[in-house]
Amino acid sequence: MIQLLFLVLVAEAAVATVLLFKTPLRKLAVLGIDRLKRGRRAPVAVKTVAGVVLALLASTLYSMAEISGRTGESESGGVALSPTDQILFSRHLLEASLMGYSLFLALIIDRLHQYIRELRGLKKNVEAVSKHNKMLEESKHGRSEETKKYQEEIAALNEDMKKLKLQVQEKTEEVNVAEDKAIAIRKQSESLLLEYDRLLEDNQHLREQLRSIDLRLSSS
């Protein structure tokens, strides 16, 4: 389970990294996400997987709460938490962290994809307005009434172009914020991998302690 969650987290981090930089891979990633969203069964499957992950996350948190409850009871009775419970609590904590980061990265990828599509649409609108504006400026040599009308249209188009540029700037700032969040998540994922290695070592150490205790009990 933990290895699968790590694979999902690494894959999501790779997709988020690809979306952050303007490369040919970015176009492929956007096209893949477009097909995933536009398919008939794909959105249902994605929602189903997200629901299953949320259910597993809730179950893991509930198990952690039960172990914490036993910790409270053991402290009141004067008995420390057993090594087995410590291992289970560490494992549940790691699984919950991985599932939470996976869901958050999935949300970041969705928002980055949406911002990229909106930016492309706004850039196309700006280009269309610029071409129309150029055509109107070239046709100003007609009659005076038509010239005045064209000038009014040019002024309106210039205002629209300013608004579109402001929208592009706002969306670009939002994309930068999303990129910063994705980079922070990637750094947290790296620290989480180090924490996982440490937990594996602690787990092995606790198992050795349990074996030594079993040997002592069997010899006694």
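This one's a predicted model, so the numbers in the text were calculated from it and none came from an experiment.

What counts and what doesn't
Residues numbered from 1 in each chain as written. Predicted model: local features only at pLDDT ≥ 70, side-chain atom pairs only at ≥ 80, totals over all residues. Heavy atoms only, no water. Salt bridge = Lys/Arg side-chain N within 4 Å of Asp/Glu carboxyl O. Helix = DSSP H or I, 4+ residues; strand = E, 2+ residues; numbered from the N terminus. Buried < 20%, exposed > 50% of the residue type's maximum accessible area, 1.4 Å probe, protein only. UniProt positions renumbered as here; feature names shortened; annotations may be inferred. Core = buried A, V, L, I, M, F, W, Y, C linked by side-chain atoms within 4.5 Å. pLDDT = per-residue confidence, 0-100. Axes fitted to C-alpha atoms, helices over the stretch in contact; angles between N-to-C directions. Parallel < 35°, antiparallel > 145°, perpendicular 65-115°, else oblique. Left-handed = near helix turned anticlockwise from the far one by under 90°. Contact = heavy atoms within 4.5 Å. Nonpolar A, V, L, I, M, F, W, Y, C, P; charged D, E, K, R; others polar.

A.B. asks: Before we go on, may I ask you to explain the pattern of salt bridges in this structure?
C.D. replies: Think of it this way: side chains of opposite charge can pair up when their charged atoms draw near. All told, the structure shown has five salt bridges when counted by the stated rule. Among the ionic pairs, E118 bridges to K171, the shortest N-O distance being 2.9 Å. Taken together, the residues E118 in helix α4 (residues 83-138) and K171 in helix α5 (residues 144-219) connect sequence positions 53 residues apart. Owing to a relative accessible area of 26%, E118 belongs among the partly exposed residues under this scheme. K171 sits in the partly exposed class, given a relative accessible area of 22%. When salt bridges that share partners are traced, they join E118, K171 and E174 into one network.

A.B. asks: How should I be thinking about the UniProt feature "transmembrane region" (unreviewed entry) in the protein chain in this particular structure?
C.D. replies: In the numbering used here, UniProt assigns the "transmembrane region" (unreviewed entry) feature to residues 6-23, 44-65 and 89-109. For the annotated span residues 6-23, helix accounts for 83% and strand for 0% of the residues, and the straight-line distance between the end C-alpha atoms is 26 Å. Span residues 89-109 is 100% helix and 0% strand, its end C-alpha atoms 30 Å apart.

A.B. asks: Can you help me understand the nonpolar core in this one?
C.D. replies: Soluble, globular proteins show a tendency: their nonpolar side chains are buried together. Judged by nonpolar contacts, the single largest core of 24 residues is most densely connected at L19, I109, L112, V129, L164, V175 and A182. Of all elements in the fold, only α1 (2-20), α2 (24-38), α4 and α5 reach the threshold of two or more residues within this core. In terms of residue count, the dominant contributor to this core is α4 (10 residues).

A.B. asks: Would you mind going over the confidence of the model for the protein chain with me for this structure?
C.D. replies: Parts of the model with low pLDDT should not have their predicted coordinates read in detail. Within the protein chain, residue pLDDT values average 79, and 88% of them lie at 70 or more. Here helix α3 (residues 42-77) stands out as the least confident element of the protein chain, with mean pLDDT 73; α5 is the most confident, with 84.

A.B. asks: Could you clarify how one ought to interpret the environment of G100 in this entry?
C.D. replies: Tracing the backbone through its elements, the reader meets G100 in helix α4. Classification of G100 by relative accessible area gives partly exposed; the value is 31%. Separated by 47 residues in sequence, G100 and V53 have C-alpha atoms that sit 8.9 Å apart.

A.B. asks: Honestly, the packing of α1 against α2 in this entry has me stumped. Any pointers?
C.D. replies: The geometry of a pair of packed helices is captured by two quantities: the angle between their axes and the separation between those axes. Look at α1 against α2: their axes get within 8 Å of each other, and the N-to-C directions meet at 120°. In terms of axis orientation, α1 runs oblique to α2. Every pair of crossing elements has a handedness; the one defined by α1 and α2 is left-handed. Taken together, the residues of α2 that come into contact with α1 (itself represented by V18, L19 and L20) are L25, R26, A29, V30 and I33. For the contact of α1 with α2, the residue count by class is seven nonpolar, no polar and one charged.

A.B. asks: Help me understand the side chain of T60, please; the structure alone is not making it clear to me.
C.D. replies: Topologically, T60 is positioned in helix α3. Contacts of T60, omitting those with residues within four sequence positions, involve H92, E95, A96 and M99.

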